[in-house]
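Chain and residue survey
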Amino acid sequence: MSDIVLDIRNLRVEFPTRKGVLTAVDDISLQIRRGEILGMVGESGAGKSMTGMAILGLLEPPGRIAAGSIHLSGDRIDGLDDRALQAIRGRRIGAVFQDPLTSLNPLFRVGDQLVETIRLHTGLSRSRARARAKDLMHEVGIPAVEERIDSYPHQFSGGMRQRIVIALALCAEPELIVADEPTTALDVSIQAQITALLRRLCRERGTAVLLVTHDMGVIAETADRVAVMYAGRLAELGPVDEIVRRPNHPYTSGLMGSIPSLRKDVDELQMIPGSMPRLDAIPPGCAFNPRCTHAGPRCRRETPRIDSPGAACWLALEGEVA
Amino acid sequence: MIAFLIKRMANAAFVMLAVALLAFVIFRFFGDPVEMMVNEQATQADRAELRERLGLNDGFATQYARFVTNAVQGDFGISYRNQQDVMVLIKDRFPATFELVLVATVISLVVGIPLGVITAVHRRSRLAQALQLGSIVGVSLPSFVVGILLILGFSVSLGWLPAFGRGETVQIGWWSTGLLTPSGRAALVLPAVSLSTFQITLVMRLVRAEMLETLRSDYIKFARARGVPAARVQWRHALRNCLMPVITLTGMQIGNLIAFALVTETVFQWPGMGMLFIQAVTFVDIPVMAAYLLLVSLIFVVLNTVVDITYAWVDPRLRDDSARSGGAHG
Ligand SMILES: Nc1ncnc2c1ncn2[C@@H]1O[C@H](COP(=O)(O)OP(=O)(O)O)[C@@H](O)[C@H]1O
Ligand code: SF4
Ligand SMILES: [Mg+2]
């Protein structure tokens, strides 16, 4: 068997609205292997969270998976009912959300939230689950576990809370962790610690990680491969070092310009003018064409797409835009 | 926590002193107590003697202090109307009202909370929408109308439940309870249900609104992402976060219920404090009115204090004042 943990094929997420169907995720395909961190990057509204929620089966109605498939280690997991999904969420897929201040239930001790999750998925006795909770807290780097396990979330700092959230994601040794902007709400000094922790866990346990962020810098430091999203579509997919060194999609080049430490490697240093189109106003052809300095006639006619490493850009795919 | 408790207690004591001042002013200056107490044949000397004996010639502060001291000991003087000790009258009537309000409150919580959760969770279902509509009716129906309808239905037509009185009561010390006899419990049903209808709809609508809010929060989504089953997410994680406002509402409303009980007691001929108060008003029985005012205020204040303390118990964030500063490090 291959070691592909997450296999997304032609995924499409739609929101039926009164004014028509909005496509938040448009035909994306990607894979993540054991022990690999795939960084997903893009501006706010690009469809990153929707992709993560689709994987977790947590799309809020009326949002729905309209096409494509999601496989987890060979098992198809899209379109399962809530009961079947409960056996996957937290057990085979762990989640880390953006804001550790709001991810934890304020009225329950962190230890109780850990024990609850562990017991839901493993059937361990209360005392054994508690011992495991302590191990996990220790593993994610929480000091003085004996004292802290009975504290409430508000008694922890943001960084420590995010460590607890990560411990919660690890309760059942999941195959995949979906981390949606796990460092965005944290101080810069804490961000590096959290990404380092994710990286260590991924390496030590062989967990596959989908790391969603709008910060190319985080990706460059943490991920093995990167998926660049634009207006619900995949703009570019490939190994991080290659893409950072030589981006093939004009939008990716623009994103690189936003990382101070990488600027010397890029010709065009200025940020891309304009902004990402709203879902109800995506132009025909390449969604990026109104902002692209290379855009040609073909870019306004036909949509470039990729389902394997590469750049969804006519210039990169065909060498010309006429 | 100790400092918090002391602060709350001091607040409560201060409020009670202020209310006592009001009650005292009513007692002392609305009509002349001496005129109210003596009969027509009393001589000027008799009146002067009574005035002196009641201490009405003393300074204002002295009299107020004496009023408070007496009140704390449960001494509110003699009823003008039937010359009975006011405290005896109150002790006689208080258990009836207390049990009525208590049972109405329990009904409103036991029925209102689950209805609120269900209407929030299944907000698109027909049943939830019907309940929501019904709750509007429940809020707008005056409680005496509900009472009369209940009497017509369950008492007059069906003959299942008594329409008036308390039934048999059992004496436990000075407390007379109707909860221990079948007829006492039967008599309690209709008035309690009538008193609680408004309350049920209030609790239900509050829980529904809070649940809708809470179900959208990150920690609920995260609980689901951890694999917590939907029912457990709703009834444990979400509901617990909705209880705070319910506690406040219940605490505040118990005071209102005692006031509403006035109407219910009249409709059901319930021998409680509400009836006592109405009689007192009719006869300008100032000592009884002053005692009623103080007692109802005391209940309000005690409930408020209990609500505050319960808050701290339900929500750990309010327990220690160091909470907010503690969040910055650690
Ligand atoms: N309930 C909804 N109805 C319609 N559009 C939605 C809804 N929720 C999200 N969207 C849209 O889906 C798009 C993708 O959002 P999201 O995946 O959260 O972006 P991000 O990449 O910032 O995580 C956004 O343009 C957003 O406006
Ligand atoms: S396809 Fe055309 S518009 Fe789109 S990025 Fe490439 S060159 Fe620019
Ligand atoms: Mg997002």
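Residues numbered from 1 in each chain as written. Chains lettered and ligands numbered in written order. Predicted model: local features only at pLDDT ≥ 70, side-chain atom pairs only at ≥ 80, totals over all residues. Heavy atoms only, no water.

Observations concerning the overall build of chain B
Helix and strand counts for chain B come out as 13 helices and two strands. For chain B, the C-alpha atoms occupy an extent of roughly 85 × 65 × 35 Å along the three principal directions. For chain B, the residues scored as buried account for 43% of the 330 residues in total. Put simply, of all contacts in chain B between residues at least 6 apart along the chain, 71% involve residues at least 24 apart. One finds the centroid of the 27 positive side-chain charges in chain B at a distance of 18 Å from the centroid of its 21 negative side-chain charges. (Helix = DSSP H or I, 4+ residues; strand = E, 2+ residues; numbered from the N terminus. Buried < 20%, exposed > 50% of the residue type's maximum accessible area, 1.4 Å probe, protein only. Contact = heavy atoms within 4.5 Å. Lys, Arg positive; Asp, Glu negative; His and termini not counted. Charge placed at Lys NZ, Arg CZ, Asp CG, Glu CD.)

Regarding the site of ligand 2
Residues in contact with ligand 2 amount to 13 residues; listed here are only the nearest, Cys286, Cys292, Cys299, Cys313 and Trp314 of chain A. Looking at the shell around ligand 2, its residues break down into 10 nonpolar, three polar and no charged. (Near = heavy atom within 4 Å. Nonpolar A, V, L, I, M, F, W, Y, C, P; charged D, E, K, R; others polar.)

Observations regarding the sheet that holds strand β8 (residues 208-213) of chain A
Residue and element names in this part refer to chain A. Strand order in this open sheet of seven strands is β6-β7-β8-β3-β9-β10-β11, and the pairing throughout is mixed. Every other strand in the sheet has two partners, leaving β6 (93-96) and β11 (310-311) as the edge strands with one partner each. The pairing of β6 with strand β7 (residues 176-180) spans four bridges and is parallel. If you follow valine 96 over to β7, its bridge partner there is alanine 179. (Pairing = 2+ DSSP bridges.)

So, the environment of methionine 37 of chain B
Residue and element names in this part refer to chain B. Locating methionine 37 in the fold gives a position in helix α2 (residues 33-37). Of the residues examined, methionine 37 reaches a relative accessible area of 34% and is grouped as partly exposed. With 232 residues separating them in the primary sequence, methionine 37 and glutamine 269 have C-alpha atoms 29 Å apart. Residues within four places of methionine 37 in sequence aside, it is in contact with Leu50, Leu54 and Tyr80.

Observations regarding the UniProt feature "domain: ABC transporter" (unreviewed entry) in chain A
The feature "domain: ABC transporter" (unreviewed entry), as given by UniProt, occupies residues 8-256 of chain A in the numbering adopted here. Helix and strand shares over residues 8-256 of chain A are 40% and 27% respectively, and the end C-alpha atoms of the span are 26 Å apart. (UniProt positions renumbered as here; feature names shortened; annotations may be inferred.)

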